[in-house]
Amino acid sequence: MKKLLELINTYKDFPKKGIDFKDVLGIMQEPKIFKELILMMTSSEIINNADAIISIDARGFIFGSAISLEASKPMIVARKPGKLPGELFKEDYCLEYGENSLSVQKKALHKYKSFAIVDDLLATGGTVNCVSKLLERNHKEITGLLVVAELGKLKGRLRFDFPIESSIIL
Ligand code: AMP
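Residues numbered from 1 in each chain as written. Predicted model: local features only at pLDDT ≥ 70, side-chain atom pairs only at ≥ 80, totals over all residues. Heavy atoms only, no water.

Draft legend 1. Highlighting the site of the ligand. Near the ligand there are 16 residues, and of these D119, D120, T124, G125 and T127 occur at the shortest range. A distance of 2.8 Å is found between an oxygen atom of the ligand and a side-chain nitrogen or oxygen belonging to R59. A distance of 2.5 Å separates an oxygen atom of the ligand from a polar side-chain atom of T124. At the level of elements, β2 (20–23), β7 (114–122) and α6 (126–137) are the ones that each hand at least two residues to the shell around the ligand. Its residues assigned to classes, the shell around the ligand shows 6 nonpolar, 4 polar and 6 charged. (Near = heavy atom within 4 Å. Polar contact = N/O pair within 3.5 Å; in protein donor to acceptor, adjacent residues only side chain to side chain. Helix = DSSP H or I, 4+ residues; strand = E, 2+ residues; numbered from the N terminus. Nonpolar A, V, L, I, M, F, W, Y, C, P; charged D, E, K, R; others polar.)

Encoded structure:
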């Protein structure tokens, strides 16, 4: 999607030296393209085959919730530390520019059997690996990963054996 490429700005050395940060937030300033993108992502078998969507903190929430509405499927969230109340499952991970952990609410996770993972961007795959571990540890099926953009040269997708769809490869 050429139009999409024009809306993703690159910020050099953000948030750390050596990182080319791909900012997808410009897509939301073009509602027609945003809608087209959401309709395309929603039509994926990855969504169709899932009971629910799990979207990743924080830009994943923007795309995950729009897909959830369009697909009429429930969404749960994987959040960074200190954000979620209640009993949680937690997993640590490394990403392209640091380390962190993600948590999900036990109560929400237990409601559904299969999940489509949604995020804005796939880089090394560390973040998605964290979510997939959380899901697998709880015997949940993963129908696949949907991202808006993928950093092809980092080959993050090679870490996973579930389907992965990205709208644009950068
Ligand atoms: P990774 O775990 O390395 O695949 O990183 C993916 C997560 O970190 C996603 O949630 C992205 O929002 C964010 N991220 C990592 N690298 C970048 C980048 N170069 N530009 C924008 N976001 C990034």
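Draft legend 2. Layout of the sheet that holds β7. Taken in spatial order, the 5 strands of this open sheet run β4-β3-β7-β8-β9, and their pairing is parallel. Lying at the two open borders of the sheet, with one neighbouring strand each, are β4 (75–78) and β9 (164–169). On average, each strand axis in the sheet is tilted by 20° relative to the strand beside it, whichever way the strands run. For strand β8 (residues 141–150) and β9, the ladder comprises 5 bridges, and the chain directions are parallel. In the sheet register, L145 faces β9, and the bridge partner there is I164. (Pairing = 2+ DSSP bridges. Axes fitted to C-alpha atoms, helices over the stretch in contact; angles between N-to-C directions.)

Draft legend 3. Quick look at the side chain of S103. Relative to the helices and strands, S103 resides in strand β6 (residues 98–105). According to the relative accessible area criterion, S103 is buried, its value standing at 6%. Residue contacts for S103: discarding those within four places in its chain leaves V77, A78, R79, L84, L88, F89 and K90. (Buried < 20%, exposed > 50% of the residue type's maximum accessible area, 1.4 Å probe, protein only. Contact = heavy atoms within 4.5 Å.)

Draft legend 4. Examining the pattern of salt bridges more closely. Scanning the entire structure with this criterion turns up 9 salt bridges. Notably, a salt bridge pairs D92 with K90, separated by 3.3 Å at the nearest N-O pair. Accessibility classification places D92 together with K90 in one group, the exposed group. The structure contains a network of salt bridges with shared partners spanning E91, K133 and R137. (Salt bridge = Lys/Arg side-chain N within 4 Å of Asp/Glu carboxyl O.)

Draft legend 5. Fine view of the packing of aromatic side chains. One pass over the structure, following the stated rule, counts 4 aromatic pairs. Between F160 and F162, the aromatic rings sit 5.1 Å apart at their centres with planes inclined by 25°, giving stacked as the arrangement. F160 sits in the buried class, given a relative accessible area of 11%. (Phe/Tyr/Trp six-rings, centres within 6.5 Å; stacked < 30°, edge-to-face > 60°.)

Draft legend 6. Representation of the packing of helix α2 (residues 31–42) against helix α4 (residues 59–71). Relative to each other, α2 and α4 sit at 65°, their axes nearing to 9 Å. Judged by the inter-axis angle, α2 sits roughly perpendicular to α4. Read as a crossing pair, α2 and α4 show a hand that is right-handed. Contacts from F34, L37, I38, L39, M41 and T42 of α2 reach α4 at I62, F63, A66, I67, E70 and A71. Partitioned by chemical class, the residues of the contact of α2 with α4 number 10 nonpolar, 1 polar and 1 charged. (Parallel < 35°, antiparallel > 145°, perpendicular 65-115°, else oblique. Left-handed = near helix turned anticlockwise from the far one by under 90°.)

Draft legend 7. Representation of the environment of V104 within the structure. Residue position: V104 is located in strand β6. Residue classification places V104 among the buried residues on the basis of a relative accessible area of 1%. Considering only alpha carbons, one finds V104 and E91, 13 residues apart in sequence, at a separation of 9.1 Å. V104 has contacts with I54, V77, A78, L84, E87, L88, F89, L109 and L134, leaving out every residue within four places of it along the chain.

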